[in-house]
Amino acid sequence: MAAFSAWFWNERFWLPHNVTWADLADTAPGVEYPKAGHLLTALPLALGIFAVRILFERFIASPSAQSLRIHPGVARRAQPNAVLEKVFTSITKNPNSRHLDGLSKQLDWEVRKVQRWFRHRRNQDKPSTHTKFCESMWRFTFYLCIFIYGLQFLWQSPWMWDTRRCWHGYPYQVMTPGLYYYYVTELAFYWSLVFSQFTDIKRKDFFIMFIHHLATVSLISFSYVNNMVRIGSLVMCIHDASDFLLEAAKLANYAKYQHLCDFLFIVFSVVFFITRLVIYPLWVLNSTMFESWAIVGPYPSWWLFNFLLLVLQVLHLIWSYLIARIAVKALLRGKVSPPWCVCVCVTFLFPPSEIILTLDCLFCMF
């Protein structure tokens, strides 16, 4: 174990040349640098956030949904059947005609009855509109609050206005309480999403989102350990800027306020385009790749950090392409009225409420 720890925490990987972990041991009074042990605070905080979410959904989100006439729906449950349940869980949830004929003969049921059983069984696993409203309201509340906090904190931080200050004196940059709370709260929230995936209703994108949450946790933790928290705070704020708008649009969609939904989605689209495809590459990537090279110089973890940020930008481009393709299909099918064509062109071909549910699988606060 000691050998593995020494290999993993190799100073030549994590730190710039001529810098050691001992140099970052808080030798001066009142001076504290980021340490890996600080990240352990996020785990109990994540459990606390998870508990707050349960209380929030029960006592705030659920009554709000019912006031909007979004009541908890009780899906019609399929009658218990061991044979069909085994097929459903281990073979297929959408049996083809060959499977249907075989099951029909085995159970002495009509094919339509077998089809109906599978339809009811699939519907059991789908979250109701009430459940989705409560989840979106929780995410909207958190994203909005953390974005306001992050923007207020960064507004007073010199590196927001001059990104070169992210690297002046690096890695000897003191961890301030405000920056620490911002980082640990974001990290704890994504840990709470990892935990909640095992208690929430299982969805088609379970493994995709699970990997996504772990990747986000890893990126936040990595930037904290090697004290790239200044540029990391900018990355988090940029991504928080559009996430709460998407959740707000979904809330309006669930409440059937379509005009409000469409308006919010257009605002989200514009903000997403500006933050993810303009500000992020021109502001953040420019600083991490070029300004840091000139001020600090490259070293192994610097290469890895920039590689991860570039992968993130590739994901932004892929998501934008997918959304644009969905928008074009919506236009070709005639589901978007002519006035929306102008809005679609202006907002990078983002459609209104027709594709919001599709976006649930594409966006989750990267």
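Every chain begins its residue count from 1, and numbering advances along the sequence as written. Totals for whole chains, interfaces and linings use every residue, but because this is a predicted model, local features are given only for residues with pLDDT of at least 70 and side-chain atom pairs only at 80 or more, for both listing and counting. Based on all heavy atoms of the structure, the side-chain values leave hydrogens and waters out of the count.

> Tell me about the overall build of the chain, residues and numbers included.
Helices and strands together make up the secondary structure of the chain, namely 15 helices and 0 strands. Here the chain holds 366 residues, and 48% of them are scored as buried. Residues count as neighbours in contact if any of their non-hydrogen atoms are within 4.5 Å of one another. When contacts within the chain are restricted to residue pairs at least 6 apart in sequence, those whose partners lie at least 24 apart make up 79%. Looking at the chain as shown, the accessible area adds up to about 19,000 Å², and 66% of this sits on carbon and sulfur atoms. Here a strand is any run of E in DSSP of at least two residues, a helix any run of H or I of at least four, and the numbering for each starts at the N terminus. Exposure categories follow from relative accessible area, calculated using a 1.4 Å probe and restricted to protein chains: below 20% of the type maximum is buried, above 50% is exposed, and the middle band is partly exposed. Accessibility throughout is a Shrake-Rupley quantity obtained with a 1.4 Å probe, and a residue counts as covered only by protein chains that appear here.

> Provide a residue-level description of the side chain of S136, including the pertinent values.
Mapped onto the elements, S136 comes out in helix 7 (residues 129-155). Beyond its immediate sequence surroundings of up to four residues, S136 is in contact with E247, K250, L251 and Y254.

> Go over the packing of helix 5 (residues 97-107) against helix 6 (residues 111-124), please, and point to the residues and values.
Working convention: axes come from line fits to C-alpha atoms, limited for helices to the stretch in contact. Angles between N-to-C directions cover 0 to 180 degrees. Here helix 5 crosses helix 6 at 110 degrees, and the two axes come no closer than 9 Å. On the basis of their axis angle, the class for helix 5 and helix 6 is roughly perpendicular. Side by side, helix 5 and helix 6 meet where L100, D101, L103 and S104 of the first sit next to V111, V114, Q115 and F118 of the second. Classifying every residue of the contact of helix 5 with helix 6 by side-chain character gives 5 nonpolar, 2 polar and 1 charged. Roughly parallel means an angle under 35 degrees; roughly antiparallel, over 145; roughly perpendicular, 65 to 115; everything else is oblique. Under the grouping applied here, Gly and all other residues not named as nonpolar or charged are polar, the nonpolar ones being Ala, Val, Leu, Ile, Met, Phe, Trp, Tyr, Cys and Pro and the charged ones Asp, Glu, Lys and Arg.

> Give a detailed account of helix 3 (residues 42-67), specifying residues and quantitative values.
By this rule the span expected of a helix is its residue count minus one, scaled by 1.5 Å. Helix length check: helix 3 (26 residues) gives 35 Å between terminal C-alpha atoms against 38 Å at 1.5 Å per residue, within 8%. Maximum bend of helix 3: about 40 degrees, positioned at E57. Among the residues of helix 3, A42, A46, I49, F50, R53, F56, E57, A61, S62 and A65 are the ones counted as buried. On its buried face, helix 3 sits against helix 7 and helix 9 (177-196). Throughout, bend refers to the angle between the axes fitted to the seven residues that end at a position and the seven residues that start at it.

> Could you give me a rundown of unusual backbone geometry, with the residues and numbers involved?
Cis rather than trans, the peptide bond between Y170 and P171 has omega equal to 5 degrees. Relative to the helices and strands, P171 resides in the loop between helix 8 (158-161) and helix 9. Even without being a glycine, N18 presents a positive backbone phi close to 65 degrees. Within the secondary structure, N18 is located in the loop between helix 2 (11-14) and helix 3. With phi around 65 degrees, K256 is a residue other than glycine that occupies positive phi space. Within the fold, K256 resides in the loop between helix 11 (229-254) and helix 12 (258-295). On the basis of relative accessibility, which here comes to 68%, the residue K256 falls in the exposed class.

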